[in-house]
Amino acid sequence: MSGHREELSDNDFKYVIMDVESVYLGARFTFGELLGQEMVPFKLKAILNQYILKEADQDTTLESQFYYMVPEGFVYDTFSQLKVRVKVVVQAQRRTLLGQKRFVYEEKVLRLKELAEINLAKKKACGMIVREIIISKLGLLTFSV
């Protein structure tokens, strides 16, 4: 029974949601799983096939791809053209009313450039977790395939 619960918790971060301006992708998806998702726009699937999967593996999760991303390379340039933002959770230190220190988790939405410029050591130090990839529909619309 516990294996089933772990599977459900992993799937909690595999979703595709769209609104007027963005496509939101759960960060636990692999590129291969995204290609099989009915809700993913066809143009995004074409971009993944023609551009991203030339340098990334189908089994790579979005979470891993963006966590280790650096501000250079073709994959970075492609996602930059799509006006990607990334929702992350980081650990922050707060003081209580009594002056004691406590750690809390904060959710932040970072532009791709901001995320890629944070070095790996700093990401690990603040306990960064990538939760969601936000793709601009305008970026998707203007991307030429």
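Heads up: the structure comes first, above all this text.
Rules used in this analysis
Residues numbered from 1 in each chain as written. Predicted model: local features only at pLDDT ≥ 70, side-chain atom pairs only at ≥ 80, totals over all residues. Heavy atoms only, no water. Helix = DSSP H or I, 4+ residues; strand = E, 2+ residues; numbered from the N terminus. Buried < 20%, exposed > 50% of the residue type's maximum accessible area, 1.4 Å probe, protein only. Phe/Tyr/Trp six-rings, centres within 6.5 Å; stacked < 30°, edge-to-face > 60°. Lys NZ or Arg CZ within 6 Å of the ring centre and 35° of its normal. Polar contact = N/O pair within 3.5 Å; in protein donor to acceptor, adjacent residues only side chain to side chain. Contact = heavy atoms within 4.5 Å. Salt bridge = Lys/Arg side-chain N within 4 Å of Asp/Glu carboxyl O. Arc of directions from axis to C-beta.

A. Region of the structure containing the overall build of the chain. Across its full length, the chain carries eight helices and five strands. Listed N to C, the secondary structure of the chain is α-β-β-α-α-α-α-β-β-α-α-β-α in terms of helices and strands. Over its C-alpha atoms, taken along the principal directions, the chain stretches across nearly 55 × 40 × 30 Å. Counting only residues that meet the buried cut, the chain has 40% of its 145 residues in that class.

B. A look at the side chain of T78. Its place among the elements puts T78 in helix α5 (residues 74-81). Exposure remark for T78: the relative accessible area of 3% places this residue in the buried category.

C. Examining the packing of aromatic side chains more closely. For the coordinates displayed, the defined rule picks out four aromatic pairs. For the pair Y67 and Y68, a centre-to-centre distance of 5.0 Å together with 80 degrees between the ring planes defines the contact as edge-to-face. Looking at Y68, the relative accessible area reads 49%, which means it is partly exposed. Aromatic rings pair up to connect Y51, F74 and F143 into one cluster. For the cation-ring pair, K123 lies above Y67, with the distance from its terminal atom to the ring centre recorded as 5.7 Å. Lying across the ring of F13, R131 places its NZ or CZ 4.4 Å from the centre.

D. Region of interest: the side chain of E132. Position of E132 among the secondary structure elements: in strand β5 (residues 129-136). Side chain to side chain, E132 and Y15 meet in a polar contact 2.5 Å long. When residues no more than four places from it in sequence are discounted, the contact partners of E132 are Y15, Y24, L25, A27, R85, V86 and K87.

E. Looking closely at the pattern of salt bridges. One pass over the structure, following the stated rule, counts five salt bridges. Two residues, E33 and K14, come together in a salt bridge whose shortest N-O distance is 2.9 Å. Placement of E33 in helix α2 (residues 31-36) and of K14 in the loop between α1 (2-11) and β1 (16-18) is noted, with a sequence separation of 19 residues between them. Look at E33 and you get partly exposed, because its relative accessible area is 30%. Of the charged contacts, one joins E63 and R28 as a salt bridge, the two residues approaching to 3.2 Å between their closest N and O atoms.

F. A look at α5. Three or more residues of α5 are buried, namely V75, Y76, T78 and F79. The buried side chains of α5 occupy one side of the element, clustering within an arc of 165 degrees when seen end-on. In the core, the buried residues of α5 are packed alongside α2, α3 (42-50), α4 (62-67) and α6 (112-117). Immediately downstream of α5, the backbone of K83 shows phi near 55 degrees, a positive value.

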